[in-house]
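Reading the structure
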Amino acid sequence: MIAIGSDHAGYEMKLAIIEHLKKRGEQFEDFGCYSNESVDYPEYGKKVAHAVASGEYEKGILICGTGIGISITANKVKGIRAALCGDCFSAEATRLHNDANILALGARAIGTGLAEKIVDTFLDTEFSGDERHARRIRMMEED
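Scoring rules and cut-offs
Residues numbered from 1 in each chain as written. Predicted model: local features only at pLDDT ≥ 70, side-chain atom pairs only at ≥ 80, totals over all residues. Heavy atoms only, no water. Helix = DSSP H or I, 4+ residues; strand = E, 2+ residues; numbered from the N terminus. Expected span 1.5 Å × (residues − 1). Buried < 20%, exposed > 50% of the residue type's maximum accessible area, 1.4 Å probe, protein only. Arc of directions from axis to C-beta. Contact = heavy atoms within 4.5 Å. Axes fitted to C-alpha atoms, helices over the stretch in contact; angles between N-to-C directions. Parallel < 35°, antiparallel > 145°, perpendicular 65-115°, else oblique. Nonpolar A, V, L, I, M, F, W, Y, C, P; charged D, E, K, R; others polar. Lys, Arg positive; Asp, Glu negative; His and termini not counted. Salt bridge = Lys/Arg side-chain N within 4 Å of Asp/Glu carboxyl O. Phe/Tyr/Trp six-rings, centres within 6.5 Å; stacked < 30°, edge-to-face > 60°. Lys NZ or Arg CZ within 6 Å of the ring centre and 35° of its normal.

What to know about helix α1 (residues 11–24)
In a regular helix each residue adds 1.5 Å, so 14 residues correspond to 20 Å; α1 covers 20 Å between its end C-alpha atoms and thus fits that length. Those residues of α1 not exposed but buried are Tyr11, Met13, Lys14, Ile17, Ile18, His20 and Leu21. Burial along α1 is one-sided: seen end-on, the buried residues are contained in an arc of 165°. Seen from the buried face of α1, the exposed residues on the opposite side, beyond 90 degrees, are Glu12 and Lys23. Against β1 (2–6), β2 (28–30), β3 (59–64), β5 (102–106) and α5 (112–124) lie the buried residues of α1. Downstream of α1 by one or two residues, Gly25 has phi in the positive range, about 80°.

Concerning the packing of helix α4 (residues 88–98) against helix α6 (residues 131–141)
Where α4 meets α6, the closest approach of the two axes is 8 Å, and the angle between their N-to-C directions is 85°. Our classification of the angle between α4 and α6 gives roughly perpendicular. Two secondary-structure elements touch here, α4 through Leu96, His97 and Asn98 and α6 through His133, Ile137 and Met140. For the contact of α4 with α6, the class distribution of residues is 3 nonpolar, 3 polar and no charged.

Details of the side chain of Asp7
As for its position among the elements, Asp7 is in the loop between β1 and α1. Buried and unpaired, Asp7 has Arg108 as its nearest opposite-charge partner, separated by 6.7 Å. With residues near it in sequence (within four places) discarded, Asp7 still touches Cys33, Val39, Tyr41, Ile63, Cys64, Gly65 and Ile70.

Some remarks on the packing of aromatic side chains
Counted according to the given criterion, the structure contains 1 aromatic pair. When the centroid spacing of 5.4 Å and the interplanar angle of 80° are considered together, the rings of Phe31 and Tyr57 count as edge-to-face. Placement of the pair is Phe31 in the loop between β2 and α2 (41–53) and Tyr57 in the loop between α2 and β3, with a sequence separation of 26 residues. Taken individually, Phe31 and Tyr57 each receive the classification buried, so the pair is uniform in this respect. The aromatic ring of Phe122 is capped on one face by Arg95, whose charged end is 5.7 Å from the ring centroid.

Structural notes on the environment of Ala100
Along the chain, Ala100 turns up in the loop between α4 and β5. Given a relative accessible area of 1%, Ala100 falls into the buried group. Sequence separation between Ala100 and Gly65 is 35 residues, and the spatial gap between their C-alpha atoms is 20 Å.

In structure tokens, the structure reads:
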């Protein structure tokens, strides 16, 4: 199950990604926002991050104008590894090496077609499980 959320700047892209998830047959929940009226991205970043951190959702997708603020917000939640990706190589690498559990996208930085390909790559790539990567993830999570 996928948790998805956006701010107003990412709202239109979120709608397109939701349609894409439906075509893929993915189960998801939309955590907002629900229009392109101005909102504060941390509210939605936190909602999705807590949903993923709780274990109720396997992965998350967050979208704001740049993807930066919403990914910073999500990464404040213990157990979250949110990665801002603007290309498929980064989406694949962050799953293989970092076992990222939230994908962040910048709606003002990339187009919807590329965003859909990045989502596919992120969702279809499994963590490599290599000991060196697992060790580094443990190191990231230490205080």
